[in-house]
Every structure is written in structure tokens, then in C-alpha cells.
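Coordinates in review
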Amino acid sequence: GAVVSQHPSWVICKSGTSVKIECRSLDFQATTMFWYRQFPKQSLMLMATSNEGSKATYEQGVEKDKFLINHASLTLSTLTVTSAHPEDSSFYICSAPPTSGSGSYNEQFFGPGTRLTVL
Amino acid sequence: DAKTTQPPSMDCAEGRAANLPCNHSTISGNEYVYWYRQIHSQGPQYIIHGLKNNETNEMASLIITEDRKSSTLILPHATLRDTAVYYCIVRVALNSGYALNFGKGTSLLVTP
């Protein structure tokens, strides 16, 4: 099946710094990508929808100025956590919905996740 | 998307079948039943999906009741590597371009 990668797989940063997380579709194009956040022992929560060539759509309660999303190309979306604080520590996961060329159009492809720890 | 109800946790002995139930009494006619799982600290993994017929693949079987108000995911011979949180998700076909709405899922523990 199609592959979605994330980089980095984990990151530790100081409070107040910004962290960029990349999400790449490796063998298919993704005009839309989704960003989820998962706190310990909780389920995945959708943060935002990343759209290539247009602004991201944020879920209620997610600060768009804090979580900057850039969908620069059909294979890359980035999430930047600006001025990170300890409460932003979480597991961030991206996904891309299927396309007609993926061969498995009923799957949604998830990245392996990025563990962010803010000290 | 229709709401789903799953037991919070289940245990299963290694080598035995794991039967994970899901209730989705408000499912609409055009909504599919999808199952994903998430092994600790990894991204979710697709398992199987179905509309109204029972389905089987190399990972699992999906049994959907005739009224479509509930379903059961069956892992025929559970292994320790099947320990994960299993999510039952009901929604229209994925190529509609919408995100998946994850509930709390069932935490399956496979024991030796």
C-alpha cells in the first residue's frame, strides 16, 4: 500500500521554541492531508485539514496561529508548533486520504507519528 | 458519521480467536464499517472494511449483522503482536476526502 512518512519521529525542545514536523506521501500525491494529535491514553483528535494550494482548515479549539500548516506540494505538508509549551507535548500523526492512483482507495494512509516533548 | 460503541478493553489468549464487537445502531445506508488498529506509539493501521456483506482478508474477518447495527472484528489466531487499540469507525467511503473520526476504541491485550 501507499506510504506516508513523518520527520522527525521524535523531538525534544525547550519551551518557547518552534518545531516543524514534516509529512510526506512517498508514492502518491495528496491534495489533502490531515493532522491529528494524541495525548497519552487518549484517542486521536483531528487538529486540521491541510489543503495543497490553499489555507488549512482548523478544528474548533485549535489555534491556527500556534499550529501553522503549510501544504507546499502534492507530497508534503508541514506542521509548525510555534512557541511550544509543555502542554503541547503530544504524539502528532498525519494522514492522507486515498487517491485514484493509490490502488487501495478504501484505506487511509497514516504516518508513523512524531513524539513531541516540550521541556 | 454514525456513532460507535466498543468495550474499552478485552483480553485474549495467544492462538485463540479475538472477537471485538462494535455497536453502530445509527448507521446510514451509505456508511461503511471500517476497522483500524494502533499499536503503541505508532500510526493507525487499516485492517478491513465492509458495507453489508461479511468480509475477510489476510488480517481479519468482519461480520456485519443483517440490520447493520453491529459488527464483529475477528482475529482468527491472535498473536502477541496483535496487542493494540482497535477502532471501529463508521462513515461514508474514504475517497470522499474526509478525516476519520476516532472514538475510544477497544484496547486488546493478547496474553501468552
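What comes next concerns the included structure. Keep in mind that what you see is a predicted model, and the values were worked out from it rather than measured.

1. Some details on the overall build of chain B
If you tally the helices and strands in chain B, you get zero helices and nine strands. In sequence order, chain B lays out its α and β elements as β-β-β-β-β-β-β-β-β. Relative to a compact globule of 112 residues, whose C-alpha radius of gyration would be 13 Å, chain B shows 13 Å and is just as compact. Taking the principal axes of its C-alpha atoms as reference, chain B extends roughly 40 × 30 × 25 Å. Taken over 112 residues, chain B has a buried fraction of 45%.

2. Considerations on unusual backbone geometry
Glycine aside, residues mostly have negative phi, and peptide bonds are mostly found in the trans state. A cis amide bond links His-7 of chain A with the next residue in sequence, Pro-8 of chain A, at an omega value of 0 degrees. Within the fold, Pro-8 of chain A resides in the loop between strand E1 (4–7) and strand E2 (10–13). The phi angle at Ser-41 of chain B is positive, at roughly 65 degrees, despite the residue not being glycine. Using a relative accessible area of 35% as the deciding quantity, one classes Ser-41 of chain B as partly exposed.

3. Some words on the sheet that holds strand E6 (residues 61–64) of chain B
Pairing is antiparallel in the open sheet, where four strands are placed in the order E2-E7-E6-E5 (chain B). Of all the strands in the sheet, just strand E2 (18–23) and strand E5 (55–56) of chain B have a single pairing partner and so form its edges.

4. Examining the side chain of Arg-91 of chain B
Residues and elements named next belong to chain B. Tracing the backbone through its elements, the reader meets Arg-91 in strand E8 (residues 84–91). By relative accessible area, which is 1% here, Arg-91 ends up buried. Within the structure, Arg-91 has its side chain in polar contact with the backbone oxygen of Ala-99 (distance 3.0 Å).

5. Focus on the pattern of salt bridges
Residue and element names in this part refer to chain A. What the rule picks out here adds up to three salt bridges over all chains. With a shortest N-O distance of 3.5 Å, Arg-24 and Glu-22 are connected by a salt bridge. Residue Lys-66 pairs with Asp-88 through a salt bridge whose shortest N-O separation is 2.9 Å. Taken together, the residues span a long stretch of sequence, with Lys-66 in the loop between strand E6 (57–58) and strand E7 (67–73) and Asp-88 in the loop between strand E8 (76–81) and strand E9 (90–96) at a distance of 22 residues.

6. Some remarks on the packing of aromatic side chains
If you walk through the whole model with that rule in mind, you get 10 aromatic pairs over all chains. Taken together, a centroid distance of 6.4 Å and an interplanar angle of 75 degrees make the contact between Tyr-36 of chain B and Phe-102 of chain B edge-to-face. With Tyr-36 of chain B in strand E3 (residues 32–38) and Phe-102 of chain B in the loop between E8 and strand E9 (106–111), the pair connects residues that are 66 residues apart, well separated along the chain. Of the two residues, Tyr-36 of chain B and Phe-102 of chain B, both sit in the buried class. Among the aromatic residues, those joined into a ring-pair cluster are Tyr-36 and Phe-110 of chain A together with Tyr-36, Tyr-46, Tyr-87 and Phe-102 of chain B.

7. Remarks on the interface of chain A and chain B
With 18 residues of chain A at the contact, the number on the chain B side is 19 residues. Buried surface at the junction of chain A and chain B, both sides included, amounts to about 1,500 Å², of which 57% is carbon and sulfur. Our count for the contact surface shared by chain A and chain B stands at zero salt bridges. Run the count over chain A and chain B and you get five residue pairs in polar contact (both at pLDDT 80 or more). Elements with a contribution of two residues or more to the side of chain A that touches chain B: strand E4 (32–38) and E9 of chain A. A per-element tally of the side of chain A that touches chain B places E4 of chain A first, with three residues. Its residues assigned to classes, the side of chain A that touches chain B shows 11 nonpolar, five polar and two charged.

8. With respect to the nonpolar core
Counting 26 residues, the largest nonpolar core has Val-4, Phe-28, Trp-35, Phe-67, Leu-79, Tyr-92 and Leu-116 of chain A as its most contacted members. Secondary-structure elements contributing two or more residues to this core are E2, strand E3 (19–25), E4, strand E5 (45–51), E7, E8, E9 and strand E11 (114–118) of chain A. With sequence-adjacent residues up to four places away left out, Tyr-92 of chain A is seen in contact with Gln-6, Ile-21, Tyr-36, Arg-37, Met-47, Phe-67, Leu-79, Gly-113, Thr-114 and Leu-116 of chain A. Counting 21 residues, the second-largest nonpolar core is a separate cluster that includes Ile-48, Leu-62, Leu-75 and Val-90 of chain B.

Reading the values: rules and limits
- Residues numbered from 1 in each chain as written.
- Chains lettered and ligands numbered in written order.
- Predicted model: local features only at pLDDT ≥ 70, side-chain atom pairs only at ≥ 80, totals over all residues.
- Heavy atoms only, no water.
- Helix = DSSP H or I, 4+ residues; strand = E, 2+ residues; numbered from the N terminus.
- Rg over C-alpha atoms; globule rule 2.2 N^0.38 Å.
- Buried < 20%, exposed > 50% of the residue type's maximum accessible area, 1.4 Å probe, protein only.
- Pairing = 2+ DSSP bridges.
- Polar contact = N/O pair within 3.5 Å; in protein donor to acceptor, adjacent residues only side chain to side chain.
- Salt bridge = Lys/Arg side-chain N within 4 Å of Asp/Glu carboxyl O.
- Phe/Tyr/Trp six-rings, centres within 6.5 Å; stacked < 30°, edge-to-face > 60°.
- Contact = heavy atoms within 4.5 Å.
- Buried area = accessible area lost by both parts, 1.4 Å probe.
- Nonpolar A, V, L, I, M, F, W, Y, C, P; charged D, E, K, R; others polar.
- Core = buried A, V, L, I, M, F, W, Y, C linked by side-chain atoms within 4.5 Å.

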